[in-house]
Amino acid sequence: MMLCAVDVYGRVFSLSAVRGRWTRASDLLLELKRVSGCQHCCWGVGCDHQLYLNVYPSDVPIRHLQETYENQRWNPVEGYTDTLLPTDRWQWTDESGLNQQPLHSFVLPSANWEWEGDWYVDDESCGRESTETGGWQYAVDFPATFTKEKKWNSCVRRRRWLRYRRYKALGSWAKVPLDRGRPPPEPFIDISCGGWDMSDSPEKHIYLWAVSQQGKVWFCKGIRHQSPEGSGWESVQVPREVAQVSAGPKDLLWVVLWDGQLLVRTGVSKDCPKGSSWEVVESPNQKGVVHVAVGVSVVWAVTKDNKVWFRRGVDSHNPTGSGWISIGGEMVMLSVGPNDQVWGVGSDDRMVYFRHGVTATEVTGRSWVAMSAQLDCGGITSQSSACTLNDASEVTAPSQGSVLDTDVPKPRVPKITSDSFISALVSDRSDSTVPEGNQLTSQGPDSSIMTPTLPCSQADGADTPWSNVDLEEMKGSVPSTARSSVATYPFELEQKTVEQEDVPPWAWVTGGGCDIDSSSPISWLNTSDAGPISPSITPALSVTHTPTEKTSQDRDSSGDTCVRVIRGCMCWWRDWSPHQWEDVSLMLEQVRGAGDQTEHILYFYYTHNHQKKYVHALIKEVTALVPVFRDSLYTTAVYTAERTRQRRPILLATHSQQDFNTWLSLLHESCCESRGLGHHLSKQALWAVTSKGDIMVHEPSPSLEASAQYLPCEQMFWRQVAGHLLCVESNSLGVVWGIGHDHTAWVYTGGFRGDSPQGNENIDQTITDVRGVYVYENQRWNPMTGYTDKGLPTDRYMWSDASGLRECTKENTNPPSPQWIWVSDWAVDYDVPGGSDKEGWQYAADFSVTFHGYKTMKDFVRRRRWVRKCQVALTGPWQKVPPIPLSDITILPCLTQCSVEQVPLWAISEKGDVLCRLGVTADNPAVNAGTTFPLHRDKPSNRCVWAGPLFMLWMKTVICGTDRV
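In what follows, the accompanying structure is described. Treat the numbers as computed from the prediction; the structure is a model and nothing was measured.

1. Observations regarding helix H6 (residues 657-674)
Inference 1: Spanning 18 residues, H6 covers 26 Å between terminal C-alpha atoms, matching the ideal 26 Å at 1.5 Å per step.
Inference 2: Among all positions in H6, only Phe660, Trp663, Leu664, Leu666, Leu667, Ser670, Cys671, Cys672 and Ser674 are buried.
Inference 3: Structurally, the start of H6 carries an N-cap: the backbone nitrogen of Gln658 is 3.3 Å from a side-chain oxygen of Ser656.
Inference 4: Positive phi shows up at Gly676, right after H6, with a value of about 70°.

2. Thoughts on the sheet that holds strand S23 (residues 299-303)
Inference 1: With antiparallel pairing, the 7 strands of this open sheet are ordered in space as S22-S23-S24-S25-S26-S27-S28. Of all strands in the sheet, those bounded by a partner on one side alone are strand S22 (289-294) and strand S28 (367-370). Sheet twist, expressed as the mean angle between neighbouring strand axes with direction ignored, is 40°.
Inference 2: In the sheet, S22 pairs with S23 via 5 bridges, with the strands oriented antiparallel. Looking across to S23, one finds that Ala293 is bridged to Trp300.

3. What to know about the pairing of strand S52 (residues 905-909)
Inference 1: Counting buried positions along S52 yields 5 of 5 residues, so the element is predominantly enclosed.
Inference 2: Both faces of S52 are covered, namely the face carrying Leu905, Ala907 and Ser909 and the face carrying Trp906 and Ile908.
Inference 3: The pairing of strand S51 (residues 886-891) with S52 spans 5 bridges and is antiparallel. Its bridge partner being in S52, Thr890 is matched across the sheet by Trp906.
Inference 4: As defined by bridge partners, S52 adjoins strand S53 (residues 914-918) across 4 bridges and the pair is classed as antiparallel. Looking across to S53, one finds that Leu905 is bridged to Arg917.
Inference 5: Between the antiparallel neighbours S52 and S53 lie 4 residues, among them Gly912 with a positive phi of about 105°.

4. Let's talk about the pattern of salt bridges
Inference 1: In this structure the tally under the stated criterion is 28 salt bridges.
Inference 2: In this structure, the salt-bridge partner of Arg34 is Asp190, at a minimum N-O distance of 3.0 Å. One end of the pair, Arg34, is in strand S4 (residues 32-37); the other, Asp190, is in strand S14 (residues 188-194), with 156 residues separating them in the sequence.
Inference 3: Overall, Asp190 belongs to the buried group, its relative accessible area being 0%.
Inference 4: Here Arg312 and Glu589 are joined by a salt bridge, their closest N and O atoms 2.5 Å apart. In this pair, Arg312 is assigned in strand S24 (residues 307-312) and Glu589 in strand S31 (residues 580-593), connecting sequence segments 277 residues apart. When sorted by exposure, Arg312 lands in the same class as Glu589, which is buried.
Inference 5: One connected set of salt bridges, linked through shared partners, spans Arg63, Glu114, Glu116 and Arg166.

Here is what the cut-offs are and how they apply
Residues numbered from 1 in each chain as written. Predicted model: local features only at pLDDT ≥ 70, side-chain atom pairs only at ≥ 80, totals over all residues. Heavy atoms only, no water. Helix = DSSP H or I, 4+ residues; strand = E, 2+ residues; numbered from the N terminus. Expected span 1.5 Å × (residues − 1). Buried < 20%, exposed > 50% of the residue type's maximum accessible area, 1.4 Å probe, protein only. Polar contact = N/O pair within 3.5 Å; in protein donor to acceptor, adjacent residues only side chain to side chain. Pairing = 2+ DSSP bridges. Axes fitted to C-alpha atoms, helices over the stretch in contact; angles between N-to-C directions. Salt bridge = Lys/Arg side-chain N within 4 Å of Asp/Glu carboxyl O.

What follows is the structure, given as structure tokens:
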């Protein structure tokens, strides 16, 4: 792990996790503007606009094999000779023979390489068995296949010559030539390396992007372990002038334009690393962007007012993202590591900051943490002592230009703390004339003191720690006595240690080669506290990401946000041609923050015809989440207002019930959070039951609809409540009752607010229900064979549902939802409306007319119903009310402001008795000590009951085919 940084003076420093201290580069004359690193090397742009490379040392040397082939032809006089036919290949070529490659044509790519020995013949014949004939291979002619055996018709032969070159500049900054045999690119102002994780191959390729002074974009390919300098530069067309470029470890590439807008490169892949086109992305504010940093699946930006922004929805399928989010803190630049960890340089104090709390789920982290690493003064002193003015020819020449345009103080150098040395120096120079630039001052502890160069350790053990310095600019203007007195100081220092140098103000940092775990403790990162970590942290960076612990007012004042991302894999039903299930990568992005920034988006990415595509849905637009069972998959139907009108919801499925429950719970919580809905339902909630028995609730809160206008039904958000019922009844006091398919009465306990023992029983209980699943067997009468399953072409399916529009057989019919399990086998159902014969058949003249339970001369079709019982066991806020089975129930509507001692509750039992429940209140809706008494007993033909505001009871009884009210 290596973190590289550049201070405002162009000095290059590196920090490793082992040492935990900043170490300056050995080349003290090196001045860089910007650096971009990965795990194996680091690139830099110098103040002279030249390119520099630092390849990190490793146990494996960087060696590159050069090869060429020597070709000969046989003639009767001389045998095999170098004299070839005019139609033959050259004497020295590559393996194909199409390119001429004499030995003297091979040159080192740069001064950073050296040869390992001379050319030698490959005795192994390209890895095959040894020929024992000097490495020659024989063939009839050059286009033919070469073999190691010499035959009577072998008219030509060849052998391979090899030579290795080794990269010798490991661990140091070396200048990289830009020409490579072709016109050099324009001077560079920015550089970024990336793409090393684009391919899964063991050999990693690094793709280098650069920006020239004229605003053009350049691309360097061919960078790998054996060729760290690349193979050449190519120009990439851009619509406007570019100021800065950032490449991620995979296929993300963003650039900043001079006008503050952004461009995104699309079509980047391992087969096309340069990409295909550009897409424009607007700046997050009107001031414009000055810096962008790209990671694996994140994009960060800094605007001209030093504000930090995060781009949401970024993925390889959607490289442009979907919107900007403001993040607390003020920076001048940012850098993203290989695992999306973020580093930055503060705008006020020029300190290096680390984004604490960044994980695969919480991609924006929690807070900015100032680095506490100090300078490695021991390393600097030893490096300084090893480099004298006499060795200036062996180091990098000083480059002209400044790293920053702003005025910064002059760099501090190590100070010698010896009062005797300073006094002796001043007294010795009292009669000498020294140029103004070389005067030594001692006006205060903060004054810069120019000190002579410390010598290397002397072998003779002399006590004098100083060596003579020849100041050429003083010759001719300073007397010889003065020069000698200034150059040599033959006295011993009282203190030979160097004071601790302050951390310099930073200008640039790169974390491309710094792969750390945000949760692991690091000595030079103060991540122990939850608040502002470093006492020197600026007020703009002291905002901590703990939105769950803040009130809404605090969040509004700070303007801070937090992005949480949950990723997974599911199946998505493609509802257009070809209609099929697609394997997709699912991503739920949850944004929590102040103002209008709080919203959630569901993305799912898929590949079709080798093209990356994606579909997204705003969670605020989701109106319902309904679990279904389709194609033996656990499926969730995601409804929106538009898809409700189109009758085609988004279908997402999993093979595992556990994954299904996890994703359904996450989507449900995200929908409620995006609408500001809590866990407890309000008294004004609207209750409904689907045809499959799922319990749905709609909250008519002010955030969802206006006070004077209700939402259209397709825009109402319905959330599911755990349980399963046949019908449900509620009133405005929060009393909710329901009846299951097995005629069991249930009361909702999630709305209890009383202090009684019953009022505290709102813990989820086990809810069971049993229902029947029906299929119909249909037959048509045939004069030859009677009733048979061979129908007319216009008839319904011979096995269908009640409507006959959908084919339903015993084999392909499943329970209503994945929570149901079969508890019986298929059996003929004799209890059907209209009656049936002894075999369960019902007859009619045609399928479209009413069926009856007896056969007549005009009945040409018949059907019978098959039933299979299934059972569900769920947990939810419902309490069972025994012992009377009910078929219908109703609750008296009440105004919210009214105060009634008891809520009238009416019901009809399964036997037809009309019942009234006494003692029902809003605080005790179950009425465990209440009384249920029959109001009227008649034949078991009562079907429903309804209670009105005037306490009037209406009963509808069907007797002998007539209605009596």
